[in-house]
Structure formats: C-alpha cells, structure tokens
Amino acid sequence: YPMPTLTGDAALQVEAVPLTAIAEQFGTPTYVYSRAALTEAFQAYQHALAGRRASICYAVKANSNLGILNAFARLGAGFDIVSGGELQRVIAAGGDAAKVVFSGVGKTSVEMRQALDAGIRCFNVESAAELDRLASVAAECGKVAPIAFRVNPDVDPKTHPYISTGLKNNKFGVAFDDAIALYRKAATLPGIAIKGIASHIGSQLLDPAPAGEAAERVLTLVEQLATEGITLAHIDIGGGMGIRYSDETPPVADDYLAPVLKALADRSEEILLEPGRSLIGNAGLLLTRIEYLKPGQEKHFAVVDAAMNDLARPALYDAFHEVVPVIARDLPAQTYDVVGPICESGDFLARNRALKVADGDLLAILSAGAYGMTMASNYNTRARAAEVMVDGKQCHLIRERENIADLFALERRLPD
Ligand code: LLP
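Since the model is a prediction, treat every value here as computed from it, not as a measurement.

## As for the sheet that holds strand β1 (residues 5-6)
(1) Moving on: In spatial order, the strands read β1-β2-β3; together these three strands make up an open sheet with antiparallel pairing. Of all the strands in the sheet, the pair left with one neighbour each is β1 and β3 (17-18).
(2) Moving on: Looking at chain direction, strand β2 (residues 12-14) and β3 are connected through two bridges and run antiparallel. Among the inter-strand pairings, Gln13 is bridged to a residue of β3, identified as Pro18.

As structure tokens, then:
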C-alpha cells in the first residue's frame, strides 16, 4: 500500500504525521488522507497518457470533500459529476466547470439548467428521453448543450455485480444498437451540440482487457458516425481501474490503459477518463479507536468507535478492508471481528482478523479513501467523522466532525 508507513518505533504514520497525533488533535473516528498519495495516483495516469491529448476527469462520487477536489483541481483535473450538488462542490472547490462531464441516468431539468449556466464541458446522455429533455431545457435558456451518449458496450468487466455497469441488463447508458439512431436524432436538434461518446463498464476492474474491448466496440460506432458526417471531439472511456484492498494485484495505470491506447492509437479525438477509486481509494484510511474488547464463546469482538455509518462498504458489499493497529504490541494475536456500536448485525468493518490489540488502541482501516465518507450516513444519530488531509509534516482539517445539534437542525417539533 502507498500508505500508511511504519515509523522506527513501530507506530503508523501518514507521510510525516503519526496517526497517534491525529487522533489526539482531532479525535476519532477520523478519515485521514495523504496528499502525496493522491498526487502520485494522478500522476500515474498522466504518465500513462503522456503524448496523448487527454483529460482526467476525477469521479467526484468517490470522495467529494472540497479539500480533495481542490487538490485534484490544482493538479489540472477535470471532474465527472452525477448531480447538481456535485457541480456546486466542484465550483466551490475551485474546479473549472469547463472541464466537467455530467453522467447519470436521472438528471433533472433543474440540474440541466444549473450545468448549462455553469458552462460544463459535456452531458453524458443516457436515454432518448433525457436527450429530448435536455434539448428543451437548452432551448428555454437560450443555450446549446454539449453532449455525448453514454453507450453500453455490453462488455463483462468481471467485477462485483453491484458495481458492474456495462452489461445489457442494467439501467446505465443507451443500448449499443440504438446509439447511431440517437446520434442522428441529436444532430437535428438545435439546442444540442454533439461533442463525444462515452462508456463506463464497471468499477474495481482488475483486468485491463475489458476496458480495451469496450474502447474497440465504441470505436466501431465512432467510425460509423464519421461516414455519416458526425464527427466527435472526444472519446470518454469512463473510470473503473481497481485498487489493492487485500491480495489483489491491480494493474498500474500504464498497464490498465495500454489496451485502450492501443485501440485508439490512430485516432485524433481527445481521450477522457473518469477514474474515482484508483485516484483516492488507497490515499485514505479511517482511523478509529477500540472502545471495548469483548471476548465471546465462538469469537472475539473488537468494538470500535467507527461503524457502518462511517464506512458502509463491508456491510453493503461484504468488502474487505485491511485493519492495522497503529501501535504494534507484543501480545498474542487473537482473532477478532471489528464491529461498530450500531444496532445491526451487519455493522462490521472487518471479520476474522488476527490482531494484537488492547482496549483503547487505535486501528487504521485501510483503502478507505474512495466510497467511504461519500457513502457515510447519520444512522443511529451518529455525527459523521472528521476528515484530515496530511501534506508532508502538515495536517489540514478538511471537514470538521459534525455536531449533533446540526443533525436535527432542519427538523421541527409539531405545533402545540
Ligand atoms: N464514471 C461513471 C459513469 C461511474 O458510474 C463511476 C462509478 C465512475 C466513473 C468511477 O468509477 P471508479 O473509477 O471509481 O471505479 N460504491 C461502490 C462503487 C460504485 C461505483 C459507481 N460508479 C464501491 O464502494 O465499491
């Protein structure tokens, strides 16, 4: 893993900051990110794309904290958004709306108007009905909407069914066989300007081949459109590159993109990418403290102060996150389920882990930078965690811990 690292006295640190110091200053649970790690991940993509006209549009849903968006904006990133809310975040974080692509099957008229006013780069249109809606919204505000169709290439990404999105039987994108007719129609609409084509086949992809196949399939459409005089400025190949959670061996960006770049080698269109997890997943961890060790007859439990409301992935997908004690102890290892205080059997962060720990110890839940905080909730009226960005020796609070009064500030008692 790129982070955290061990110090000489066997305590974990992120860059030059010990996790013990972060826990002391900000409390727990706290998400901790490494600016160096996210920068390195971004630069790995830039390296893979060197010599190609390309734009890396960070998928905001993976982690939408303003501090993180700001770090990516400063690296020159564009952004892939899925809501008007994410657009507002990008702008508030100093991102450039002209580098934003807007994905999603359910864009509302209000969101379309917002995005047109902001001057985004492209709407990735996912249905015929959405095209009609966008054309009329654009006409109402006297604007021309730049579009790509998100085409479903029907390629099996070989990943978890919940996060596989490019197969025929899911809700995303327009069917491959309908794409040409939709482009023909779009070309006749005054409020619409055809800019590109998009596809996204799934997430946590460990095999580079399916992305290459998808690019080849998309390219056949691009060539067919060209014969009809419909030319495109960009080809958006989506996100999806996987990361290491336990013993996976994910490709590096160079290898992941090789089949795509090969497929598109003779093309002059700009390549767009929408990576999320691979840019931020391994650049973040969730720091939590053991409240109680609870020995059981069948198994032992480490009850921690983080829970499924902070990190939903284990409960939701049975996802594996590595758990590492912040301070190494000379104790016999015991097998624990690491669980939170929430009243659900599904409230676990890790199961059957051999740990050498005592009451009050800090644990780092690794690879939690992507789809961690963005999927957090307030279930059990739990304030969401603080978020901290480490940058060398410095440590920036990028989100305060919520306070409970804020959680019900929008609620009202009934009238007397
Ligand atoms: N573009 C589109 C259109 C997407 O739907 C997604 C992710 C991405 C890009 C970014 O994919 P990435 O590079 O992060 O794989 N909550 C799940 C993951 C859901 C992914 C949804 N779409 C998880 O925690 O594993």
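## Some words on the domain arrangement of the chain
(1) Moving on: Partitioning the chain into domains gives domain 1 (5-33 + 281-407) and domain 2 (64-275).
(2) Moving on: Counting only elements with at least two residues in the side of domain 1 that touches domain 2, the list comes to β20 (386-391) and β21 (394-399).
(3) Moving on: Per element, the largest residue contribution to the side of domain 1 that touches domain 2 is three residues, and it comes from β21.
(4) Moving on: Here the residues of the side of domain 1 that touches domain 2 sort into seven nonpolar, six polar and three charged.

## Focus on the confidence of the model for the chain
(1) Moving on: On average, residues of the chain carry a pLDDT of 95, and 96% of them reach 70 or more.
(2) Moving on: The ipTM assigned to the predicted complex is 0.99, against a pTM of 0.96.

## Focus: the site of the ligand
(1) Moving on: Taken together, 21 residues surround the ligand, and among them Ser203, Gly239, Gly276, Arg277 and Tyr371 come closest.
(2) Moving on: When residues of the shell around the ligand are traced back to their parent elements, those giving at least two are α10 (277-280) and α11 (313-317).
(3) Moving on: Counting contributing residues, the shell around the ligand receives three or more from each of domain 1 (5-33 + 281-407) and domain 2 (64-275).

The rules behind each value
Residues numbered from 1 in each chain as written. Predicted model: local features only at pLDDT ≥ 70, side-chain atom pairs only at ≥ 80, totals over all residues. Pairing = 2+ DSSP bridges. Helix = DSSP H or I, 4+ residues; strand = E, 2+ residues; numbered from the N terminus. Domains from an automatic or database assignment. Nonpolar A, V, L, I, M, F, W, Y, C, P; charged D, E, K, R; others polar. pLDDT = per-residue confidence, 0-100. Near = placed C-beta within 6 Å.

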